[in-house]
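Working through the structure, step by step
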Amino acid sequence: MLERPYHKTALSAGLAVAFLLSTEVVAMPISDVEGFDVDRDGFIEKGPEARALKGAFARLNGQQQARFGRFLEGGSEKLALSELDFTDLYGDLARSCQAPRRFHLAESLAGVSLVHPDIVVLSDKGARFSWNRDNTSGETSWSAKGVFVYAPTSNRCLHTSSPEPLNGATLTGYAIAPYLSFDGVGSSSTTEPSDLRIGAAIDLQFFGGTFDLQQVQISPFFRTDFEGKAEIYGASLRWTPYKFTSRLNGLQGDAGHNGVDYRLSADAEYLNVAEGGLSGLPSGTEYGWLGVQAGIGFTPARLNGVRFDLNVDAAYDLINENDAVLYDAGVTIPIGDGGNAALDLRYTYGTTRSNPTTVDGVSANFRIRF
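Structure report, in brief. Owing to the predicted nature of the structure, the values given are computational and were not obtained by experimental measurement.

Quick look at the pattern of salt bridges
Evaluation of the coordinates by the stated rule reveals 16 salt bridges. For the salt bridge of D309 with R346, the shortest nitrogen-to-oxygen distance reads 3.0 Å. In this pair, D309 sits in strand β15 (residues 307-317) while R346 sits in strand β17 (residues 341-351), placing the two residues 37 residues apart along the sequence. Take D309: its relative accessible area is 5%, and that puts it in the buried class. Among the residues examined, R346 registers a relative accessible area of 3% and is labelled buried. Residue D344 pairs with R367 through a salt bridge whose shortest N-O separation is 3.3 Å. Taken together, the positions of D344 in strand β17 and R367 in strand β18 (residues 358-368) put the pair 23 residues apart, joining distant regions of the chain. Each of E107, R128, D261, R307, D309, D328, D344, R346 and R367 takes part in one network of salt bridges that share partners.

Quick word on the packing of aromatic side chains
Remark: the centre distance and the inter-plane angle together describe each pair of aromatic rings, the angle taken between the planes. Summed over all chains, the structure comprises eight aromatic pairs. Between F211 and W239, the ring centres sit 5.8 Å apart and the planes meet at 70 degrees, which makes this aromatic pair edge-to-face. Of this pair, F211 sits in the loop between β9 (194-207) and β10 (213-224) while W239 sits in strand β11 (residues 231-242), and the two are 28 residues apart along the sequence. Residue classification places W239 among the partly exposed residues on the basis of a relative accessible area of 31%. An aromatic cluster is present here, built from F57, F68 and F71 joined pairwise through their rings. If you follow K46 out to its NZ or CZ, it ends over the ring of F71, 5.3 Å from the centre. Its guanidinium or amino end placed over the ring of F43, K78 lies 4.4 Å from that ring's centre, counting from NZ or CZ.

The rules behind each value
- Residues numbered from 1 in each chain as written.
- Predicted model: local features only at pLDDT ≥ 70, side-chain atom pairs only at ≥ 80, totals over all residues.
- Heavy atoms only, no water.
- Salt bridge = Lys/Arg side-chain N within 4 Å of Asp/Glu carboxyl O.
- Helix = DSSP H or I, 4+ residues; strand = E, 2+ residues; numbered from the N terminus.
- Buried < 20%, exposed > 50% of the residue type's maximum accessible area, 1.4 Å probe, protein only.
- Phe/Tyr/Trp six-rings, centres within 6.5 Å; stacked < 30°, edge-to-face > 60°.
- Lys NZ or Arg CZ within 6 Å of the ring centre and 35° of its normal.

So, in structure tokens, the structure goes:
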């Protein structure tokens, strides 16, 4: 088993280069790696072969160190030599960096990362919609929550020339994107408060330091309601850390997404309400929220992507000295094979901060993301 300090260095080095394009680093040729395969079966096996390659650990580049480190820490007894051959990786990374995603549809801006590397799998959720028609009373009710983002400007792979772990957090990616977010419920007989925002998201990605990856998202915005009567000006700042080996806010190299994952982020938001309209906020008021969001999710291995989750959003308004704590728990059931559509059953309880009210209810939603 790899010693803990050595293991941390190995994974940090591997992750650094796997995410950041480095044309000056040369991997150990696969012909040299083959020399550690004593029985010539095409695998490095735990035991003498793995111990010998561990002795040459410093000769491996970042990607090879990360792959070999995960093998030593994992339950597999052998590692295919082909998995240590990264001859074409730099070309693949370059092509990936030149073709980032331009459009995003998600539940909230907090669930959108404009610069995360493709090797990272996020447990993000799609925008959710529900609709109900009561033919007896003739009433229609609905709810919608989501954000649409267009990212014309981004650079996800600022280059680095060293495979060594980065000292402190280093800027490794940025993106600027306009967005439109919406959140509201209503019916054909009543008008409920709603939240419609037009803004710009500025994402900054920092690699290294205490976490594998950190994202800072800055967003100035104009907020109104679905009828355009509210006039609210605001800005938000969000910090999201990623620790891939701990499955914090993302995971690495797990195509099945199985197991437990965790969520954690912190944010600050300022609102200046010039005209309250149908926002649920009084005219002439200000709000200064500080918040923390945390959650845990579980995806059973044999339920084809079904995910159970429990979340909390706890915030405090520094200006008005109020707090708002909102809990939600639910299950998301994928529809089809693409993973972009799902049925979501959710229980929500607590106080919202977009228009501070108490909620307590169950909803069935259709989710879609891209």
